[in-house]
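Geometric and topological summary
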Amino acid sequence: MAEFETEVLVVGAGPVGLMMAVELHRHGVPCRIIERSTEASVECRALHVQSRTLEVLEHLGLAEAAMELGVRVRAENIWKDGSLLQRIPMDWDPLPDIPFPMMLNLEQNMMEALLSDHLTRLGGRVERGVALTGVAQVPESVTATVWTPDGVDHIRCRYLVGCDGSTSLVRKEMGLPFEGHPYPDTYIMADVEVEGWLAPEESHRFIRGDEVLLATPIRGSHRFRMTTRDDGPSQVSPSEYGLLGESRPPALQEMQRALDRVARPGLHLVNSRWTSHYRVSRRLASRFRKGRIFLAGDAAHLFPDAGGQGMNTGIQDAWGLAWRLASDLRGSGTWTLLGGYEVERRHVATEVAARTDRAFRTRTELLDQEAEGSPQRWMQSWAQLETNYRDLPGFEQHGSRPEQAALEAGDRAPDGRLELPGKGTLRVFDLLKGTSSHALFFFQGLELPDELARLADWLVQHRSRQVCCHFIRETCSLPPEGLSPLYCDPGGAVATSYGAQESSVFLIRPDGYVGFRADAENAGRLLGWLDRLLGPVAD
């Protein structure tokens, strides 16, 4: 049997596949990424980048560049019969635990370029014009048959990840049903320039009767992406979904007529970069993993067009899978750890599908009372900051905690401000960078409790390649001998956000979620938890 051509083969070079390849390279895992298209896309398909995705991009050092390329959406305006009925603020001042309180509009092609350039800097590249034609797997490997400009080739790898979109050949080769249904209508999407009174840097929803037109800003002068239902005759098969490859794209005049019907006068479309018809579906693959083959992004799930949940969920699929594959390939992962990907991400996809379905079906209504009464909380739910894995297998918490603890096992670890005595301030997210897990030890007083001290010492001696230890206390003074690094939490703000009012330990996984939490008395249980996920420590 031939040697492996690569450890992991990624199929598809959209945002999800590129994030997958970037993360694997960042974790030191050799991988290849293939894409059947010979040229990068120039179309503005997916657009919204939510707060949680910006946190992921910051981890890669790309958040600032993304914000320079995109448009920060300041508000959503709801118009009914030509009158403004509701204006929902969509950004607010940065909070200690939320560094990106916003929604960013960044065109999919720009996101792809950003990730592709970063992949190149990491030593990878997209192999374009290479099309998957078949997949076969045995217990120890996967073999992909591909067509290249030089003929048929075979790529043998340890794992294969299908990021090849809604029509995924990987999913079909796995024999997995794509369960769900299309919605009945066909829609028009257009990248246009608008003259008139439309406020820039704000999204607009125009409603008249059962007709809805959405306009959301894109980087450029008076530039918006507009979507609306196509009321013309449709030749689309009910089984089709996504952008439709058609011979006659909708004309700019069609979108102008739709805009005239729902908005007050004074808006004129003067230029169109591209237009297309598309279908909306709600679908979920019956499995996200089969042996050594995984699905991510639109290959695994499709959602109605609401809040940009599709691209954001897919990027976080890749973020959540790469570290597991890297752990396994380094010999410090288990099939339990790999199996957790499907359990966790299918759980999230199911919740997102239900939420976007409700939003899509009620799009002719005003935003709910939660948005009107607490726009910040409404934003956080759509920003995927409240996405969690509570009560799923692989998450544990032990010991007493406040009845309304701010954080539970399975939650996103929040950001916060800390001080390093004598060296200035830093953020919790600065501690969580890198490719390992992180153990945060919170304690009061001057000395680390014995139970936590013994645990920290064992982790340093036996798990230092997999777990970094950090010590946090409210008191700002010199650390006890041998206790480093020690961070100061003035006023206990970070401890409060973590629900650590007593001495405790939190294990933060490489994807930024709390895998384990316990008070000092139960802290030793972390060792068994690590053994179950990463495998026992070799003698």
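Residues numbered from 1 in each chain as written. Predicted model: local features only at pLDDT ≥ 70, side-chain atom pairs only at ≥ 80, totals over all residues. Heavy atoms only, no water.

**Concerning the pattern of salt bridges**
In this structure the tally under the stated criterion is 27 salt bridges. Across the pair Arg412 and Glu55 runs a salt bridge whose closest N-O atoms are separated by 2.8 Å. Pair noted here: Arg412 is in the loop between β21 (396-398) and β22 (417-420) and Glu55 is in helix α2 (residues 51-59), with a separation of 357 residues, a long-range link. The class of Arg412 is buried, set by a relative accessible area of 8%. We note a salt bridge from Arg223 to Asp191, for which the minimum N-O separation is 2.6 Å. Residue Arg223 is located in strand β15 (residues 223-229), and its partner Asp191 is located in strand β12 (residues 178-195); the two are separated by 32 residues in the primary sequence. Judged by relative accessible area, Arg223 falls into the buried class, the value being 6%. Counted as one network, the salt bridges with shared partners bring together Arg324, Glu344, Arg509 and Asp511. (Salt bridge = Lys/Arg side-chain N within 4 Å of Asp/Glu carboxyl O. Helix = DSSP H or I, 4+ residues; strand = E, 2+ residues; numbered from the N terminus. Buried < 20%, exposed > 50% of the residue type's maximum accessible area, 1.4 Å probe, protein only.)

**Description of the pairing of strand β6 (residues 83-89)**
In terms of strand pairing, strand β5 (residues 75-80) meets β6 through six bridges, oriented antiparallel. Paired with Ala75 across the bridge in β6 is Pro89. Counted between consecutive antiparallel strands, the loop separating β5 from β6 contains two residues, among which Asp81 sits at a positive phi close to 55°. (Pairing = 2+ DSSP bridges.)

**Concerning the packing of aromatic side chains**
Applying the stated criterion across every chain yields a total of 15 aromatic pairs. Aromatic side chains Trp79 and Phe206 sit 5.9 Å apart centroid to centroid with 25° between the ring planes, which places their arrangement in the stacked category. Of this pair, Trp79 sits in strand β5 while Phe206 sits in strand β13 (residues 202-208), placing them 127 residues apart in sequence. Given a relative accessible area of 8%, Trp79 falls into the buried group. Directly above the aromatic system of Phe4 lies the positively charged group of Arg156, at a separation of 4.3 Å from the ring centroid. (Phe/Tyr/Trp six-rings, centres within 6.5 Å; stacked < 30°, edge-to-face > 60°. Lys NZ or Arg CZ within 6 Å of the ring centre and 35° of its normal.)

**Observations concerning the nonpolar core**
Judged by nonpolar contacts, the single largest core of 79 residues is most densely connected at Val8, Met20, Leu24, Leu57, Leu160, Val161 and Leu325. Broken down by element, this core gets its largest block of residues, eight residues, from helix α7 (residues 309-329). Not counting the four nearest positions on each side in its chain, Leu57 is found in contact with Met19, Leu62, Ala63, Ala66, Met111 and Leu115. Counting 26 residues, the second largest nonpolar core, distinct from the first, contains Leu337, Leu452, Val505 and Leu526. (Core = buried A, V, L, I, M, F, W, Y, C linked by side-chain atoms within 4.5 Å. Contact = heavy atoms within 4.5 Å.)

**Some words on the packing of α2 against α7**
Put simply, α2 and α7 touch, their axes get as near as 10 Å, and they point 40° apart. As judged from the angle between their axes, α2 and α7 are oblique. The hand of the α2/α7 crossing is left-handed. Packed against α2, whose contacting residues are Arg52, Thr53, Val56 and His59, the element α7 presents Asn312, Ile315, Gln316 and Trp319 at the interface. (Axes fitted to C-alpha atoms, helices over the stretch in contact; angles between N-to-C directions. Parallel < 35°, antiparallel > 145°, perpendicular 65-115°, else oblique. Left-handed = near helix turned anticlockwise from the far one by under 90°.)

**A short note on helix α6 (residues 252-262)**
Each turn of an α-helix holds 3.6 residues, which means side chains three or four residues apart point in the same direction. Buried residues of α6: Glu254, Met255, Gln256, Ala258, Leu259 and Val262, and no others. For α6, the secondary structure elements touched by its buried residues are β12, β13, β14 (211-217), β15 and β17 (268-285).

**Points about empty space enclosed by the protein**
Scanning the entire structure with this criterion turns up three cavities of 30 Å³ or more. In this structure, the largest cavity encloses a volume near 160 Å³. Considering the residues around the largest cavity, the lining is formed by 13 residues, among which Arg52, Glu55, His59, Phe429 and Leu432 are closest to the centre. Tallying contributions element by element places α2 first for the lining of the largest cavity, with five residues. Taken together, the residues that form the lining of the largest cavity break down as six nonpolar, two polar and five charged. (1 Å grid on protein atoms, 1.4 Å probe; cavity = no way out; pocket = protein on both sides within 12 Å on 5 of 7 lines; lining within 4 Å. Points joined across faces, edges and corners; volume = space filled by probe spheres on them. Nonpolar A, V, L, I, M, F, W, Y, C, P; charged D, E, K, R; others polar.)

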